[in-house]
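Structural overview for review
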Amino acid sequence: MHKFRKAGACEGLRFHSSEISSPLIFALSRIIRTFVASITHKKLQLDFIMIKKIFPLLATAVIGTLGFTSCLDVTDERQDVTLTYAGELCFNRITDLESGDVSYSLNPTYNMLFDQIGNKVTVDMSNIQLSTMFSGLAFKLPEIDYKYNSETAFFEASGKDLTPQNAAGSYVFSHFSLKTIPGRIVQSTQAPVYLINFTLNNRYRITAFPVAPVLVGELNASNVNGDTEPFRTTDSYLTLRVFPERMSANIVIGASKFASDMMTTDFVVKDVPLQCTDSGYTISLPADDIRQLYYTNDKPFEGCTVSNLAISFDLESGATTLTGIFDVYNRLGDDFDPAQTFDVKMSLSYLFLVEN
């Protein structure tokens, strides 16, 4: 049997009405029953362990009303939820399909209005740049259908040959795709997932990249010195804090330990060069590039380092791997004296599926 772990709860809402209408609660409870029935049929089991829950969106839907941020508008005819992905949360990667040139633009804004009764979504976007000559553009797409994918926990919407309502005759969205898990929480922190990409006029391919993706999964560590048994944990997580202006990142390996008797801590590797590809992020440091490990408060773990660091992150699936050689000294709570060297591997994603 499989069970899902890691992530949980839902994001807060601002309600425009004084209370949630009973029809809305009924609709949401029906969605939950359908979802539970589907996972029961597939012999899946939800694992609600502390705050680390998977598929939190529907599990807490009555409380969180689909877990969207921003606001909820309830009328007799519509139940609208607005979700915003904007500012320093993301940046756009633009590929000119004719020339092959790649550029980046900061601070785009994506507003998504979900009609929960009609299962439609309307997307407004602004501060969109295609090139140095075409920037600061704004588009409002027509309504498109959305659905919930119980296999992936994403709400999904897509369309082809869409004409923006405010730019007819000038621009056509040859392709548009939106996927989101808006209610995800990792380690008590909101960590929604947004996947937005589109192609304009069959020429400009634009992908919105997150500046702080958070991944969950498993960590495996083996002691190179052979002094401790191989260790595995599913409590760790990985955050990449990306600085698109200089294409570097701070790496947080959170809630981590490399042996059963080692204290749990958050390791930070600062200002690591990063490549942004069409499909995601990659980091690959040469063997002789040895990096100091830091606490989250910027203080160094004296004498603790990582080398051979490599990370691969796939934006669409969330599939992520990290490998590195970590030297850990007894300054981590007298765990190891003398220093111990660990070969560490992490396998992560947006959601984590484990065998029961």
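Just so we're clear, the structure is a prediction, and the values are computed from it rather than from any experiment. (Residues numbered from 1 in each chain as written. Predicted model: local features only at pLDDT ≥ 70, side-chain atom pairs only at ≥ 80, totals over all residues. Heavy atoms only, no water.)

A few words on the overall build of the protein chain. Within the protein chain one finds three helices and 29 strands. By the burial criterion, 51% of the 356 residues in the protein chain qualify as buried. Contacts in the protein chain between residues at least 24 apart in sequence constitute 59% of all its contacts with a sequence separation of at least 6. (Helix = DSSP H or I, 4+ residues; strand = E, 2+ residues; numbered from the N terminus. Buried < 20%, exposed > 50% of the residue type's maximum accessible area, 1.4 Å probe, protein only. Contact = heavy atoms within 4.5 Å.)

Mean pLDDT over the protein chain works out to 80, with 74% of the residues at or above the 70 mark. Of the regions scoring below 50 in pLDDT, residues 1-5 engages in 32 contacts with residues more than four places distant in sequence or in other chains. (pLDDT = per-residue confidence, 0-100.)

What follows concerns the pattern of salt bridges. Evaluated as defined, the whole model comprises 11 salt bridges. For Asp 278, the salt bridge is made with Arg 93, and the minimal N-O distance between the two is 3.5 Å. Note that Asp 278 is positioned in the loop between strand E23 (275-276) and strand E24 (280-284) and Arg 93 in strand E6 (residues 90-96), a separation of 185 residues in sequence. For the salt bridge of Glu 218 with Arg 232, the shortest nitrogen-to-oxygen distance reads 2.7 Å. Pair noted here: Glu 218 is in strand E18 (residues 214-223) and Arg 232 is in strand E19 (residues 231-233), with a separation of 14 residues, a long-range link. (Salt bridge = Lys/Arg side-chain N within 4 Å of Asp/Glu carboxyl O.)

So, about the environment of Glu 229. As for its position among the elements, Glu 229 is in the loop between E18 and E19. The sequence separation of Glu 229 and Phe 258 amounts to 29 residues, and the corresponding C-alpha distance is 9.8 Å.

Time to look at the nonpolar core. Judged by nonpolar contacts, the single largest core of 46 residues is most densely connected at Ile 251, Ile 253, Phe 258, Tyr 281 and Tyr 350. With six residues, strand E26 (residues 300-314) is the single largest residue contributor to this core. Apart from the residues within four sequence positions on either side, Tyr 281 is in contact with Phe 91, Phe 209, Pro 210, Pro 213, Leu 240, Val 242, Leu 274, Gln 275, Cys 276, Ile 311, Ser 312 and Phe 313. With 32 residues, the next largest nonpolar core counts Leu 130, Leu 137, Ala 157 and Leu 200 among its residues. (Core = buried A, V, L, I, M, F, W, Y, C linked by side-chain atoms within 4.5 Å.)

Before going further, it helps to examine the side chain of Thr 180. Within the secondary structure layout, Thr 180 lies in strand E13 (residues 173-181). Not counting residues within four places of it along the chain, the set of residues in contact with Thr 180 comprises Leu 83, Phe 114, Ala 153, Phe 154, Phe 155, Val 193 and Tyr 194.

Bringing the packing of aromatic side chains into the picture now. A full pass over the atoms with the stated rule returns 22 aromatic pairs. Pairing Phe 154 with Tyr 350 gives two aromatic rings, centres 6.2 Å apart and planes at 80°, and the pair type is edge-to-face. Taken together, the residues Phe 154 in strand E12 (residues 154-162) and Tyr 350 in the loop between strand E28 (340-349) and strand E29 (352-355) connect sequence positions 196 residues apart. On the accessibility criterion, Phe 154 (7% relative accessible area) is buried. Both rings, one in Phe 258 and one in Phe 342, keep their centres 5.6 Å apart while their planes meet at 50°; by these two values the pair is tilted. Placement of Phe 258 in the loop between strand E21 (248-256) and strand E22 (265-273) and of Phe 342 in strand E28 is noted, with a sequence separation of 84 residues between them. Positioned over the ring face of Phe 243 is Arg 246, at 4.3 Å from the centre of the ring. Its end group placed over the ring of Tyr 294, Lys 270 keeps NZ or CZ at 4.6 Å from the ring centre. (Phe/Tyr/Trp six-rings, centres within 6.5 Å; stacked < 30°, edge-to-face > 60°. Lys NZ or Arg CZ within 6 Å of the ring centre and 35° of its normal.)

Take unusual backbone geometry next. With the exception of glycine, most residues fall at negative phi, and the peptide bonds are largely trans. Located in the positive-phi region is Asn 119, a residue other than glycine, with phi close to 55°. Looking at the secondary structure, you find Asn 119 in the loop between strand E8 (109-115) and strand E9 (120-128). For Asn 308, which is not glycine, the phi dihedral falls at a positive 55°.

Another aspect to go through is the pairing of E28. Burial analysis of E28 places seven of its 10 residues in the buried class, which makes it a mostly covered element. With eight bridges connecting them, E18 and E28 associate as antiparallel partners. Opposite Val 216, over in E28, you have Ser 349 as the bridge partner. Bridge count for strand E27 (residues 320-328) against E28 is nine bridges, and the pairing is antiparallel. Pairing of Gly 324 across the sheet is with Val 344, part of E28. (Pairing = 2+ DSSP bridges.)

Moving on, we get to the pairing of E12. Examined bridge by bridge, strand E11 (residues 144-149) and E12 share four bridges and lie antiparallel to one another. Bridge pairing in E12 links Asn 149 to Phe 154. What sits between the antiparallel neighbours E11 and E12 is a turn of four residues, in which Ala 153 has the positive phi angle 75°. Two strands pair when backbone bridges link them, and E12 and E13 are joined in this way by seven bridges, in the antiparallel orientation. By the bridge assignment for E13, Ala 157 is matched with Leu 178.

On to the environment of Ser 279, then. Tracing the backbone through its elements, the reader meets Ser 279 in the loop between E23 and E24. Relative accessible area serves as the criterion here: at 42%, Ser 279 is assigned to the partly exposed category. In this structure the C-alpha to C-alpha distance between Ser 279 and Thr 207, which are 72 residues apart in sequence, comes to 9.1 Å. What Ser 279 contacts, discounting residues up to four positions off in sequence, is Phe 313, Asp 314, Leu 315 and Glu 316.

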